[in-house]
Amino acid sequence: MLLIAFENKLSSKWKLDYNAGAQQEVFSTEWVWLANGSLHYHICDPPELFLEYYAQYGVGKSGHNNIGGGWAYQPGNHVQIYLSGGASVAYHEPNQFVAGGIAFRLP
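In this text, all values refer to a predicted model and were calculated from it rather than measured experimentally.

## Side note on the sheet that holds strand 1 (residues 2–9)
Strands sit in the order 1-2-3-4-5-6-7 across an open sheet of seven strands; the sheet is antiparallel. Pairing within the sheet leaves two strands with one partner each, and these edge strands are strand 1 and strand 7 (96–104). Each neighbouring strand pair of the sheet contributes to a mean axis angle of 15 degrees, computed without reference to strand direction. Relative to strand 2 (residues 14–24), strand 1 is paired through eight bridges, and the arrangement is antiparallel. Residue pairing across strands places L2 opposite A22, the latter belonging to strand 2.

## Digging into the side chain of E48
With respect to the helices, strands and loops of the structure, E48 is situated in strand 4 (residues 48–58). The charged side chain of E48 is buried without a salt bridge, its nearest counter-charge being K15 at 4.1 Å. Separated by 2.6 Å, the side chains of E48 and H40 make a polar contact. Beyond its immediate chain neighbours, meaning those up to four positions away, E48 contacts K15, H40, Y41, H42, I43, G70, W71, A72 and Q80.

## A word on a nonpolar patch on the surface
Together, I43, L49, W71, I81, L83, I102 and F104 make up an exposed nonpolar region whose accessible area comes to about 660 Å². Elements that contribute at least two residues to the nonpolar patch include exactly strand 6 (79–89) and strand 7. Within the element layout of this structure, I81 appears in strand 6. You can call I81 partly exposed: its relative accessible area is 32%.

## Side note on the pairing of strand 4
Looking at chain direction, strand 3 (residues 31–42) and strand 4 are connected through eleven bridges and run antiparallel. Bridge pairing in strand 4 places V32 opposite G58. With nine bridges connecting them, strand 4 and strand 5 (residues 64–76) associate as antiparallel partners. If you follow A55 over to strand 5, its bridge partner there is N65. Between strand 4 and strand 5, which follow one another and run antiparallel, lie five residues, and G60 among them has a positive phi close to 75 degrees.

Conventions we followed
Residues numbered from 1 in each chain as written. Predicted model: local features only at pLDDT ≥ 70, side-chain atom pairs only at ≥ 80, totals over all residues. Heavy atoms only, no water. Pairing = 2+ DSSP bridges. Helix = DSSP H or I, 4+ residues; strand = E, 2+ residues; numbered from the N terminus. Axes fitted to C-alpha atoms, helices over the stretch in contact; angles between N-to-C directions. Buried < 20%, exposed > 50% of the residue type's maximum accessible area, 1.4 Å probe, protein only. Lys, Arg positive; Asp, Glu negative; His and termini not counted. Salt bridge = Lys/Arg side-chain N within 4 Å of Asp/Glu carboxyl O. Polar contact = N/O pair within 3.5 Å; in protein donor to acceptor, adjacent residues only side chain to side chain. Contact = heavy atoms within 4.5 Å. Patch = residues over 30% accessible without salt bridge, like charges linked within 9 Å, V, L, I, M, F, W, Y side chains within 5 Å. Areas by Shrake-Rupley, 256 points an atom, 1.4 Å probe, with all protein chains shown as cover.

Keep in mind that these numbers describe shape and distance, not what the molecule does.
Have a look at this one:
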């Protein structure tokens, strides 16, 4: 997998994250392209809301496009709690998802 990621702080309340790259499929030799972007709004410090778009494109195939949104709370520098949900867009097999978790940053 090869991925390049960026973050732009648009103001004290708004942040834009985006990345793009390529990865080899898990059970084949086929490679796909990835694109992701998310717009974050800090309600107050530390909770934030976010909207996200992410997609996967295969050579000669239509893309898998998804949109979602969620809530993230970072109580300290090394822990973040999040909830998110979303759905596929303009794809012949609709898919909805809900996710949640805790992320830990290693020092």
